[in-house]
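# Architecture and fold: a report
What follows is each chain in one-letter form.
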Amino acid sequence: MKNKGVKMTASTLVVRMISYFCVAVFSLLCLLPFLLMVSASFSNEGVINREGFGLLPKGFTITAYSWVFRYPKMILGSYGVTILMTVCGTIIGLLLIAMTGYALQRQDFPLRNVLSFFIYFTTLFTAGMAPTYIWVSRYLNLKGSYMAVFLQLLMTPWLIILMKNFAKSVPYEITESGKMDGANDFKIFTALILPMLKPALATVGLFLALGYWNEWYNSMLYLGSAVTYKPLQYYLYNIVNTAAQLKNSMAGAAITITDLPTNTLKMATAVVATGPIIFLYPFVQRYFITGITIGAVKG
């Protein structure tokens, strides 16, 4: 027997069509800045200065990208460093944050309130940049090492609190049932708790990945010229600064160069930096939605 779909009333159909139209228009509006960025990256600097930006390239050229990829080995090395740090940092950070958040909500953990206070306290008061720099460079002796950047992004108090609050929604009876079956704490965590934390893991993992991918400030403080291959964002930041300094120095020497890319170079670096991570979003969103449905507690 063929199943018949639910018949919608005229008012429901109108409301749904209006909703779809509004969502489509809003989505197109969100795409406009990206189209403007890509278009400007392929535009001529002189034309941009005279006519402004547009949705279509003005005076099509790849000069800005030739500046970005002037040293292919360096840009590929920067991509490799950033990808490695992003993947390793996200995996290790997820494991540590998930274990910390789960432990802090365990009713049989006596120090959960004390440790939760210290973690929450750091969200209100921070030591500042100078003490952190002295601690990392002098006492940990990590200046000039990738670990100075990697370790600082591995765990953040806000993500721990987020994981802890989500772990509270997991019934404690699940932990008790694991204990009754003779499982130890690590087995309970990996076999019973982690599958229930999939929505939180997807959310926290996305924040960790974006944090590592967009990192440049700590790289500027602790790496500088001590490493051969700099993280991608810091490498692109140096390219933009070099072009700007060159243009300012020539302007000071009364030499006019209108085609030297500055604005278009900024757009090109933005495209190079955001391109790979944008392609990751559809996959992250798919797993995020799947995690919500799988990780839901069935009554």
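Our subject is the structure that appears above.
Let me begin by describing the structure that accompanies this report. Note that the structure is predicted; figures quoted are calculated from it, not measured. (Residues numbered from 1 in each chain as written. Predicted model: local features only at pLDDT ≥ 70, side-chain atom pairs only at ≥ 80, totals over all residues. Heavy atoms only, no water.)

## Section: the overall build of the chain
A tally of helices and strands in the chain yields 14 helices and zero strands. Classification of the 299 residues of the chain by burial places 33% in the buried group. Taking the intrachain contacts of the chain between residues at least 6 apart in sequence as the baseline, contacts between residues at least 24 apart amount to 72%. For the chain, the exposed area adds up to about 18400 Å²; of that, 70% sits on carbon and sulfur atoms. (Helix = DSSP H or I, 4+ residues; strand = E, 2+ residues; numbered from the N terminus. Buried < 20%, exposed > 50% of the residue type's maximum accessible area, 1.4 Å probe, protein only. Contact = heavy atoms within 4.5 Å. Areas by Shrake-Rupley, 256 points an atom, 1.4 Å probe, with all protein chains shown as cover.)

## Regarding the packing of helix α5 (residues 112–124) against helix α8 (residues 157–167)
Two elements in contact, α5 and α8, have axes separated by 9 Å at closest approach and are oriented at 135°. Judged by the angle between their axes, α5 and α8 are oblique. As for the relative orientation of α5 and α8, their crossing is left-handed in sense. Between α5 and α8, the contacting residues are Ser116, Ile119, Tyr120, Thr122 and Thr123 on the first element and Pro157, Trp158, Ile160, Ile161 and Lys164 on the second. (Axes fitted to C-alpha atoms, helices over the stretch in contact; angles between N-to-C directions. Parallel < 35°, antiparallel > 145°, perpendicular 65-115°, else oblique. Left-handed = near helix turned anticlockwise from the far one by under 90°.)

## Topic: the packing of helix α9 (residues 172–180) against helix α10 (residues 185–193)
Relative orientation of the contacting elements α9 and α10 amounts to 125°, with a least axis distance of 10 Å. The angle between the axes of α9 and α10 places the two elements in the oblique class. The handedness of the crossing between α9 and α10 comes out as right-handed. Each of Ile174, Thr175, Gly178 and Lys179 in α9 lies in contact with α10, whose residues at this interface are Asp185, Ile188, Leu192 and Ile193. When its residues are assigned to classes, the contact of α9 with α10 shows four nonpolar, two polar and two charged. (Nonpolar A, V, L, I, M, F, W, Y, C, P; charged D, E, K, R; others polar.)

## Some thoughts on the environment of Thr242
Turning to its location among the elements, Thr242 is positioned in helix α13 (residues 232–252). For Thr242, a relative accessible area of 47% translates into the label partly exposed. For Thr242 and Thr262, which are 20 residues apart along the polypeptide, the C-alpha to C-alpha distance reads 9.6 Å. Of note is the side chain of Thr242, whose polar atom sits 2.7 Å from the backbone oxygen of Asn238. (Polar contact = N/O pair within 3.5 Å; in protein donor to acceptor, adjacent residues only side chain to side chain.)

## Re unusual backbone geometry
In this structure, Asn141 is a non-glycine residue whose phi angle is positive, near 55°. Summarising the element assignment, Asn141 is placed in the loop between α6 (129–139) and α7 (147–150). Using a relative accessible area of 61% as the deciding quantity, one classes Asn141 as exposed.

## Details of the side chain of Ser41
Along the polypeptide, Ser41 turns up in helix α1 (residues 10–41). Ser41 gets classed as buried once you look at its relative accessible area, which sits at 0%. Separated by 2.6 Å, the side chain of Ser41 and the backbone oxygen of Val38 make a polar contact.

## Some points on the packing of aromatic side chains
Throughout the structure, instances matching the rule amount to 13 aromatic pairs. Among the aromatic residues, those joined into a cluster by ring pairs are Phe117, Phe118, Phe121 and Phe125. Here the guanidinium or amino end of Arg70 rests over the ring plane of Trp67, the centre of that ring lying 4.4 Å away. (Phe/Tyr/Trp six-rings, centres within 6.5 Å; stacked < 30°, edge-to-face > 60°. Lys NZ or Arg CZ within 6 Å of the ring centre and 35° of its normal.)

## Let's talk about the pattern of salt bridges
Close approach of charged atoms allows side chains of opposite charge to pair. Under the definition given, this model contains three salt bridges. One salt bridge in this structure joins Asp185 and Arg106, with 3.4 Å as the shortest N-O distance. Of this pair, Asp185 sits in helix α10 while Arg106 sits in the loop between α4 (72–104) and α5, placing them 79 residues apart in sequence. A relative accessible area of 45% places Asp185 in the partly exposed class. Close ionic contact of Asp108 with Lys179 constitutes a salt bridge, the shortest N to O distance being 2.6 Å. Here the residue Asp108 occupies a position in the loop between α4 and α5, and Lys179 occupies one in helix α9, the gap between them amounting to 71 residues. Of the residues examined, Lys179 reaches a relative accessible area of 38% and is grouped as partly exposed. Each of Arg106, Asp108, Lys179 and Asp185 takes part in a single network of salt bridges with overlapping partners. (Salt bridge = Lys/Arg side-chain N within 4 Å of Asp/Glu carboxyl O.)

## What to know about the side chain of Gln233
Topologically, Gln233 is positioned in helix α13. One polar contact links the side chain of Gln233 to the main-chain carbonyl oxygen of Trp213, over a distance of 3.3 Å. Every residue in contact with Gln233, bar those within four places of it in the chain, is listed here: Trp213, Asn214, Glu215, Trp216 and Ala273.

## Topic: helix α11 (residues 198–213)
Taking 1.5 Å of rise per residue, the 16 residues of α11 would be expected to cover 22 Å, and the 22 Å separating its terminal C-alpha atoms lies within 8% of that figure. Taken together, the buried positions of α11 are Pro199, Ala200, Leu201, Ala202, Val204, Gly205, Leu208, Ala209, Tyr212 and Trp213. (Expected span 1.5 Å × (residues − 1).)

## What about the environment of Ile97?
Residue position: Ile97 is located in helix α4. Sequence separation between Ile97 and Val204 is 107 residues, and the spatial gap between their C-alpha atoms is 8.6 Å. Ignoring anything within four residues of it in the chain, the contact list for Ile97 reads Leu154, Met155, Leu159, Ile160, Met163, Val204 and Leu208.

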